[in-house]
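# Results of the structural survey
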Amino acid sequence: MLKKIVASLVFLLAIGLAGTGMAATEPAGALDDINRAIDEADSKAFQQLVDIDGILADSLNAFLRELKNPETASKLPPLLALMFSQAAAQSEGGETLRGLLRSEARNFVLNGIESGAFAGRKPIVANSQNLFGPIFSAASPGRKAVIGKGKPTKSGNMWLMPFTVHDYGNERDYNVKGRFTRQNDGTVRLTGIENIPALLAQIGAENAE
């Protein structure tokens, strides 16, 4: 239970993925480049195409807000509930704990790409000495790929575009509303996920099955 709940934070980023060319100037092309970076286990290209830190921060903040709901918090083991309560605190200790969670999640995602796990190949599991290492160690990354793209809506240098990600690990589909931003060099980067709360609810329902 503990591993599934925390791993859902990582999964929010992973489903925002799905290349090295870095030439895309439209959201659809950026998604193709992201898919290619994953298939080629190119974490450097992936980090250029996706704002990992920003999406993880948004996902963690949304998760912590959800835990303010007593019904949601009551489903957690007491020690885990206490840990997340401390992470939500607006204090130096809370920020330190949030930083550790983001760091471990980031390492998990990059390892999933570099090992080829997110492309469906056998993962190379990194042994984390971090306090949160055991939480992520049992999470199965599985292959993830964009299988459908909606119509982008443009506003200035930003687009909102829906797309569907299929997880071959659990054979489920996830409808994502991505935020894409044009960079100074003219390329396009995935900089956010607009429907994080809905995705959290979906993942939470799956974990309860």
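With that settled, the discussion passes to the pairing of strand E3 (residues 158-167). The side chains of a regular strand alternate, residue by residue, between the two faces of the sheet. In terms of burial, E3 is largely enclosed, as seven of its ten residues are buried. Bridge analysis of strand E1 (residues 144-149) against E3 gives five bridges, and the strand direction is antiparallel. Each bridged residue has a counterpart across the sheet, and for glycine 148 the counterpart in E3 is threonine 164. Bridge analysis of strand E2 (residues 153-155) against E3 gives three bridges, and the strand direction is antiparallel. When the sheet's bridge partners are listed, serine 155 is paired in E3 with methionine 158. The hairpin formed by E2 and E3 contains two residues between the paired strands, and glycine 156 there has a positive phi angle of roughly 65°. Between E3 and strand E4 (residues 172-182), which follow one another and run antiparallel, lie four residues, and glutamate 171 among them has a positive phi close to 60°.

Once that is clear, we can look at the pattern of salt bridges. A full pass over the atoms with the stated rule returns six salt bridges. With its nearest N and O atoms 2.2 Å apart, the salt bridge here joins aspartate 33 to arginine 36. Pair noted here: aspartate 33 and arginine 36 are both in helix H2 (residues 27-39), with a separation of three residues, about one helical turn. Looking at arginine 36, the relative accessible area reads 33%, which means it is partly exposed. Its salt-bridge partner being glutamate 95, residue arginine 98 comes within 2.9 Å of it at the nearest N-O pair. In this pair, arginine 98 and glutamate 95 both sit in helix H7 (residues 92-114), three residues apart, roughly one turn of the helix. The class for arginine 98 is buried, based on a relative accessible area of 8%. Take glutamate 95: its relative accessible area is 36%, and that puts it in the partly exposed class. Among the ionic contacts, a cluster of salt bridges with common partners joins Glu95, Arg98 and Arg102.

Conventions we followed
- Residues numbered from 1 in each chain as written.
- Predicted model: local features only at pLDDT ≥ 70, side-chain atom pairs only at ≥ 80, totals over all residues.
- Heavy atoms only, no water.
- Buried < 20%, exposed > 50% of the residue type's maximum accessible area, 1.4 Å probe, protein only.
- Helix = DSSP H or I, 4+ residues; strand = E, 2+ residues; numbered from the N terminus.
- Pairing = 2+ DSSP bridges.
- Salt bridge = Lys/Arg side-chain N within 4 Å of Asp/Glu carboxyl O.

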